[in-house]
Amino acid sequence: MNEPNLVDFHCHLDLHADMQAAFDRCEQLSCTTFTVTTTPKAYSRNVDFAASTKHIKAALGLHPQLVAKRGGEIDLFEEFVGTTRYIGEIGLDASRSHYASFDKQKLVFDRALRLCAAQRDKIISIHSARCARQVLEALHNTDVCRSNVIVLHWFSAGQTEVRKAIELGCWFSVNQQMLTSETGRKLLAVVPRDRILTETDAPFMKVGEKTLVGGDVIGVLENIASFWKMDFQETRDLIASNATRALL
Ligand SMILES: [Zn+2]
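In this report, the structure presented in the accompanying data block is examined. (Residues numbered from 1 in each chain as written. Predicted model: local features only at pLDDT ≥ 70, side-chain atom pairs only at ≥ 80, totals over all residues. Heavy atoms only, no water.)

### A closer look at the nonpolar core
Okay, step 1: Formed by 70 residues in total, the largest nonpolar core has its most connected members in F9, I126, L139, L152, F155, F172 and I196.
Okay, step 2: It is helix α5 (residues 102-119) that provides the largest number of residues to this core, a total of eight residues.
Okay, step 3: Here I196 is in contact with F172, V174, L187, L188, V191, I224, W228, I239 and N242, once residues within four sequence places are set aside. (Core = buried A, V, L, I, M, F, W, Y, C linked by side-chain atoms within 4.5 Å. Buried < 20%, exposed > 50% of the residue type's maximum accessible area, 1.4 Å probe, protein only. Helix = DSSP H or I, 4+ residues; strand = E, 2+ residues; numbered from the N terminus. Contact = heavy atoms within 4.5 Å.)

Structure below.
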């Protein structure tokens, strides 16, 4: 049988209305899925769900939007971090509703990155809303890029930051929403094609009236293929081989 070889490198399967159905669907699609968690407390349950699958990786995270209330769980993050290669979602969020906790977010993010830098060989999915520059500074200061795969999820930034991120060796997971903006299309134009992955960020992504679920990446693949002026199948194969390399 021909494997569909899809890639969803950032989604939240545990936040879907039916978590089991969300896992089952990605698995049935043979979709390489990087499912992130938002708090370390949610992590073990995701590991249990992923254990019987072939295509789903459950990542350990502490979402910057939750740091105000749950930043203390960084201790639990530290407890688990040695047990997995998959980290996310971590990062910084300087949008208006989360800016009050920005200093605390920086401490938590920095500690998480330093743990990964010390342990090496992680794959890390990173959130960077309205603070691309600060996220890149943290990556640079902790030297985490040297020995880990950094995947910038939904990276929305100017060309200077995009180029810095490329220089740091970052990868980029892109979604359908991003490609409706000029910034997103510019990113896709300059990032080396072998560092592009697809994502849905489901269940937080709406395309038209439809809320995407984990594994719904055909739309973004079609957009990338047409933007690159590449055959759909070829694009799909390239992204799939990128994901295999990222996870090596
Ligand atoms: Zn997310």
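There's more to say after this.
### With respect to the pattern of salt bridges
Okay, step 1: Counting across every chain of the model gives 10 salt bridges.
Okay, step 2: E73 serves as the salt-bridge partner of R70, at 2.7 Å between the closest nitrogen and oxygen.
Okay, step 3: Look at R70 and you get partly exposed, because its relative accessible area is 31%.
Okay, step 4: The class of E73 is buried, set by a relative accessible area of 9%.
Okay, step 5: By sharing partners, the salt bridges in this structure join R25, K210 and D216 into a single network. (Salt bridge = Lys/Arg side-chain N within 4 Å of Asp/Glu carboxyl O.)

### Things to note about the environment of T83
Okay, step 1: Examined against the element boundaries, T83 turns out to sit in the loop between α4 (74-80) and β4 (86-93).
Okay, step 2: Relative accessible area serves as the criterion here: at 56%, T83 is assigned to the exposed category.
Okay, step 3: As a C-alpha pair, T83 and L60 span 23 residues in sequence and 9.6 Å in three-dimensional space.
Okay, step 4: A distance of 2.6 Å separates a polar side-chain atom of T83 from the backbone oxygen of F80. (Polar contact = N/O pair within 3.5 Å; in protein donor to acceptor, adjacent residues only side chain to side chain.)

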